[in-house]
Every structure is written in structure tokens, then in C-alpha cells.
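# Residue-level structure breakdown
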Amino acid sequence: KRIYIPLPDNPGRRQLLQTLLGQTSHNLNSKDIEQLVQQTAGFSGADIRSLCTEGAMGPVRDIALKLNNNLESINLSDVP
């Protein structure tokens, strides 16, 4: 038996983004969030979660590149 779960609508995607980004330090304002809501039309909840996870890892990857991929030398204070 399969259960169909529809894709989240605009308010659902907004809530998902706000929840997933809630405990993450970011510089997104409400206009940025609204743009993400529009651009993620057709995304599932899992897709949005993956988007937020990858976005949160961006600064860590940037630091790793600066340190020649030496992840052991990254300190918490290095990550914005």
C-alpha cells in the first residue's frame, strides 16, 4: 500500500525553510526567504532539507579550500 504525500505549497515551503534555517546562522532576510519559496516550487520536503544542509555546508567547504582541504585544522571560530 502506498500513501501519497503531496508536495508542499508556498506556505508549507516557507515554514520548512524557516524551521530548517531556524537554528543556523545565516544572512537571509524575509525577501530572500520569499525568493527561495518561489524558486523551490516542485521541491519535496526532503529536497528542501537537502538544499538547507548543502547551503549550511558552503562556508565550511570554502574554509576547507583555503586550508588545502585540511579539515582537521578548522576551528569553530573559523566558521561564520
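Residues numbered from 1 in each chain as written. Predicted model: local features only at pLDDT ≥ 70, side-chain atom pairs only at ≥ 80, totals over all residues. Heavy atoms only, no water.

Their axes nearest at 9 Å, the elements helix α1 (residues 10-21) and helix α2 (residues 30-39) cross at an angle of 125 degrees. It follows that α1 is oblique to α2 by the angle criterion. As for how α1 packs across α2, the hand of that crossing is right-handed. Contacts from N10, R13, R14, L17 and L21 in α1 reach I33, E34, L36, V37 and Q38 in α2. (Axes fitted to C-alpha atoms, helices over the stretch in contact; angles between N-to-C directions. Helix = DSSP H or I, 4+ residues; strand = E, 2+ residues; numbered from the N terminus. Parallel < 35°, antiparallel > 145°, perpendicular 65-115°, else oblique. Left-handed = near helix turned anticlockwise from the far one by under 90°. Contact = heavy atoms within 4.5 Å.)

The end-to-end C-alpha distance of α1 is 16 Å, a good match for the 16 Å that 12 residues give at a rise of 1.5 Å each. Where α1 is concerned, the buried positions are R13, L17 and L21. Looking straight down α1, one finds that the buried residues subtend no more than 50 degrees of arc, so they occupy a single side. Where α1 is buried, its residues touch α2 and α3 (45-66). Put simply, D9 is the residue that caps the front of α1, since its side-chain oxygen is 3.0 Å from the backbone nitrogen of G12. (Expected span 1.5 Å × (residues − 1). Buried < 20%, exposed > 50% of the residue type's maximum accessible area, 1.4 Å probe, protein only. Arc of directions from axis to C-beta. Polar contact = N/O pair within 3.5 Å; in protein donor to acceptor, adjacent residues only side chain to side chain.)

With that out of the way, let us pick up the nonpolar core. In terms of nonpolar packing, the biggest core is built from six residues, these being L17, L21, I33, V37, I48 and C52. In contact with I48, other than residues within four places in its own chain, are P8, R13, L16, L17, L20, T40 and F43. (Core = buried A, V, L, I, M, F, W, Y, C linked by side-chain atoms within 4.5 Å.)

On to the side chain of T40. Its place among the elements puts T40 in the loop between α2 and α3. Relative accessible area serves as the criterion here: at 2%, T40 is assigned to the buried category. The residues contacting T40, other than those within four sequence positions of it, are R13, I48 and L51.

This paragraph deals with the confidence of the model for the protein chain. In the predicted model, the protein chain carries a mean pLDDT of 87, and 88% of its residues have values of at least 70. Confidence scores differ between elements of the protein chain, with α3 showing the lowest mean pLDDT of 86 and α2 the highest of 95. (pLDDT = per-residue confidence, 0-100.)

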